[in-house]
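# Observations on the model geometry
Residues per chain, in single letters:
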Amino acid sequence: MGVNGGRLKLLVGIISWPGNTVALLQEGQELLSQGRDVVIGILKYSDPEIEALSRTLRSIPPLGERLNLPEILAQRPEVVLVDDAGALYPEDSPYQARWQEVEEILAAGIDVVATVHALELEGFKEFLPFPLTSPPSLSEGIVPASFLDRASEVELVDVTPEELSRQGISLPPGFDPRSRIGPYLAAANFAAFRRAVLKRLADEVDEQLFRPGVETRAKAARERILLAVSTQRNLERLLRRSLLLAERLQASLMVVHLRVPGRHQEPFPWDYVERMLAPVGGTWMEEEVGDESEVPARLSEIIAAHHITRLVVGHSARSRWEELVKGSVLNELLRRNRHINVLVVAPASEAKEGETEAASSSAIPDLRLPLKGKLKIYLGPIAGVGKTYRMLRDAHELKEKGIDVVVGYVETHGRAETEAQIGDLEVLPRKQVVYRGKTFTELDLEGVLRRRPQVVLIDELAHTNVPGVKNAKRYQDVLEILAAGIDVYTTLNIQHLESLNDVIEEITGVKVRETLPDWVLGLADEIILVDLASSLLLKRLEQGKIYPLPKVEQALRHFFRPENIIALRELALRQLAHHLGEKQARLAPERRERILVAVNLKPYAERLVRRGLRLAVAQRAELMVVHCDVTGGKLSPEATSIRNYLKRLCDSIGIPYHEEKVLSDRDVALVLANLCRAKGITQMVLGHSQRSRWQEFWKGSVISQLLRSLRTVDLHLVPINSGSWTAEVAV
């Protein structure tokens with residue numbers, strides 16, 4: 001029993017449907033296996049799967065539609081399962097809604113696991129990107145925000161339109177007659193509604209990272225953007241670029257206006273700023289400084305206090321000589337904040353027409369590939385959340401409906417529950433591969449194509465095949481199977497996405513070696529998020545249900561730290577929300593951004609490429625990488641190793657890698673500026689300057705030169721880590 005009573009865990013469903021009840025009972029079964037005294041308080045739905053899951057759980061029969069509160073308090077179980085916590089009761093009932101009964105149970109020191117569907121949460125309508133025409137009781141929320149705040153854990157029960165259709169539930173017209181929200185949600189809005197739920201839950205998970213005891217390293221899970229302005233010059237452009245970045249990166253946004261006393265300016269248009277910030281829930285603040293020299297220090301304090309990860313500022317209006325005399329605010333900010341990204345927004349809008357060459361290359365290839373089969377991805381935040389189990393469970397439902405489904409490759413990792421879930425599904429033989437004297441097993445691509453089932457299950461989409469088989473990566477096997485007209489169900493963890501690789505390393509301290517291009521996720525016809533709260537995942541790990549017991553201690557010290565799990569859950573929620581937004585965005589034309597990543601052959605070059613890739617993926621932008629070579633071709637062994645690795649990385653992503661010959665360091669900015677004009681570049685990514693103020697004075701600053709010569713290009717300045725190149729990094 002906690003200080004404030006029992007613990008509450010909420011399972012938030014996209015809508016009200018039987019899958020929420022199934023998730024509730026599966027949670028109960030897991031708790032029962034841990035030796036907890038679990039009882040069923042009330043269930044909303046009943047079908048064969050629900051009845052089978054209920055059979056081994058004790059039940060306290062409800063009083064009609066209400067919980068049998070007196071009996072629950074008398075028996076005092078450890079955990080009560082409560083379905084549909086937002087259910088309303090008749091006016092003559094002692095309680096207005098079921099969540100109030102749950103509060104009584106919690107107050108008695110009894111834990112509760114409850115389901116609620118998202119639209120019943122107070123204030124949720126603010127997250128919807130469309131007006132909700134519903135009765136006031138629904139649009140105003142049934143379950144108060146305080147109830148959600150009380151929950152120690154919140155977990156998503158995801159569902160896709162395709163999954164509803166397979167369950168015999170269709171979106172409006174005829175949405176779900178059993179659901180109170182059904183008549184008020186148009187089918188065309190379902191993707192936007194689901195995306196809003198994902199973003200709301202991601203915000204809820206994000207708050208857990210700021211609770212006492214959570215390590216600060218995990219706080220990089222969500223981008224926090226600060227737009228700093230001192231005048232109204234280019235305010236609209238700065239706001240729009242910041243809003244676009246916040247939306248695409250699923251980031252929070254704050255605007256700070258730094259007022260300098262004595263400087264004459266019009267009253268700041270906060271009404272306009274508030275209207276612009278409203279769609280992303282942005283905030284603003286106003287600060288007064290003594291003079292401009294205090295701006296870097298005050299901004300640095302705000303950056304630290306609000307855990308800012310990305311600063312947005314406008315180009316300086318000062319000339320080079322003015323900067324030498326008065327100093328550069330931007331350079332001082334960079335020196336004080338070498339750990340954050342900085343975006344310097346160009347004052348001009350776009351390059352003139354006719355100045356650019358044809359588009360270079362996109363980080364997002366044309367997804368209209370000749371794939372006849374359909375791809376379903378079970379996306380998880382981390383290993384052990386139940387992706388494979390859920391995939392196998394769905395496969396049994398397909399088989400019961402007469403669909404020809406087979407197991408192509410399922411990795412059980414010795415987990416008894418997963419092995420048992422295979423059951424009577426047909427399992428295709430694996431391909432035996434001998435490599436360096438050892439025998440390995442891989443997916444038998446040719447065997448799948450010969451068998452030609454309707455659906456094949458293939459685990460671990462990002463897996464790297466052993467040398468000796470046709471394709472280097474498993475996702476390439478999957479593409480061939482899809483091209484043959486066979487549907488594929490597969491699993492993927494969020495840390496295996498290429499664009500998130502360096503973000504994952506920052507959060508967890510672990511370098512993930514197996515990755516796949518982000519565009520593979522874009523091929524999916526259906527993505528279902530398999531979520532699991534960190535406490536239950538850790539319990540499963542400690543019991544040896546994820547890895548063998550000898551490996552558990554190491555996992556707990558490294559990748560499976562609680563703060564890592566929270567951060568990865570948030571990334572998975574936001575990534576799926578972004579994916580749904582991208583599907584909608586593809587329907588609307590927009591200006592095509594072109595991003596150039598400028599690298600030198602230093603150990604941090606890989607970081608710059610991955611940061612550029614993340615921006616390109618988020619904005620569906622064209623991307624290219626360029627190295628300005630000032631060595632005359634005489635590279636050290638370390639530089640050669642880095643260049644070869646960068647070329648392989650760019651090739652695997654599908655973006656061009658260019659080399660430009662430069663006579664001296666002072667010519668780098670000129671070459672980059674000319675390249676930007678020739679290629680129609682709208683954004684450039686490069687590292688923070690490592691030069692001191694005196695070095696910049698004598699040798700010049702590439703960043704300062706670019707800011708003066710490129711008035712149509714936004715500059716993304718990425719923090720860089722010092723260090724030496726190792727063979728491990730180059731693998």
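The present account deals with the structure reproduced in this document. No experiment lies behind these values; they were computed from the predicted model shown.

Parameters at a glance
Residues numbered from 1 in each chain as written. Predicted model: local features only at pLDDT ≥ 70, side-chain atom pairs only at ≥ 80, totals over all residues. Heavy atoms only, no water. Helix = DSSP H or I, 4+ residues; strand = E, 2+ residues; numbered from the N terminus. Expected span 1.5 Å × (residues − 1). Core = buried A, V, L, I, M, F, W, Y, C linked by side-chain atoms within 4.5 Å. Buried < 20%, exposed > 50% of the residue type's maximum accessible area, 1.4 Å probe, protein only. Contact = heavy atoms within 4.5 Å. Salt bridge = Lys/Arg side-chain N within 4 Å of Asp/Glu carboxyl O. Polar contact = N/O pair within 3.5 Å; in protein donor to acceptor, adjacent residues only side chain to side chain.

### Here's the deal with helix H23 (residues 605-619)
When the terminal C-alpha atoms of H23 are compared, their 21 Å separation across 15 residues agrees well with the 21 Å that a helix rising 1.5 Å per residue should span. Immediately downstream of H23, the backbone of Arg-620 shows phi near 50°, a positive value.

### Looking at the nonpolar core
Membership of the largest hydrophobic core comes to 118 residues, with the highest contact counts inside it found for Leu-8, Leu-10, Leu-457, Ile-481, Leu-492 and Phe-560. No other element matches helix H22 (residues 562-585), which puts 10 residues into this core. Leaving out residues up to four positions away in the same chain, Leu-8 has contacts with Val-102, Leu-106, Val-112, Ala-114, Phe-147, Arg-150, Ala-151, Ser-152 and Glu-153. Core analysis: the second largest hydrophobic core is formed by 49 residues, Leu-343, Leu-608, Ile-653 and Ile-655 among them.

### What about helix H9 (residues 235-248)?
With 14 residues, H9 should reach 20 Å at 1.5 Å per residue; the first-to-last C-alpha distance of 20 Å fits that figure. Among the 14 residues in H9, 10 count as buried, and that is most of the element. Of all the positions in H9, only Leu-235, Arg-237, Leu-238, Leu-239, Arg-241, Ser-242, Leu-243, Leu-245, Ala-246 and Arg-248 are classed as buried.

### Some words on the pattern of salt bridges
Across all of its chains, the model carries 53 salt bridges by this definition. Residues Glu-78 and Arg-36 are paired through a salt bridge, measuring 3.1 Å at the closest nitrogen-oxygen approach. Here the residue Glu-78 occupies a position in the loop between helix H3 (69-75) and strand E4 (79-82), and Arg-36 occupies one in the loop between helix H1 (18-33) and strand E2 (38-42), the gap between them amounting to 42 residues. By relative accessible area, Arg-36 is classed as partly exposed at 24%. As a salt-bridge pair, Glu-505 and Lys-511 come within 3.8 Å of each other at their nearest N and O atoms. Salt bridges sharing common partners tie together Glu-163, Lys-376, Arg-390, Asp-394 and Glu-526.

### Quick word on the side chain of Asp-629
Note on placement: Asp-629 falls in strand E21 (residues 622-629). Judged by its relative accessible area of 2%, Asp-629 falls in the buried class. A distance of 3.0 Å separates a polar atom in the side chain of Asp-629 from a polar atom in the side chain of Lys-661. In contact with Asp-629, not counting residues within four places along its chain, are Leu-635, Glu-660, Lys-661 and Val-662.

That's the geometry; what it means functionally is another story.
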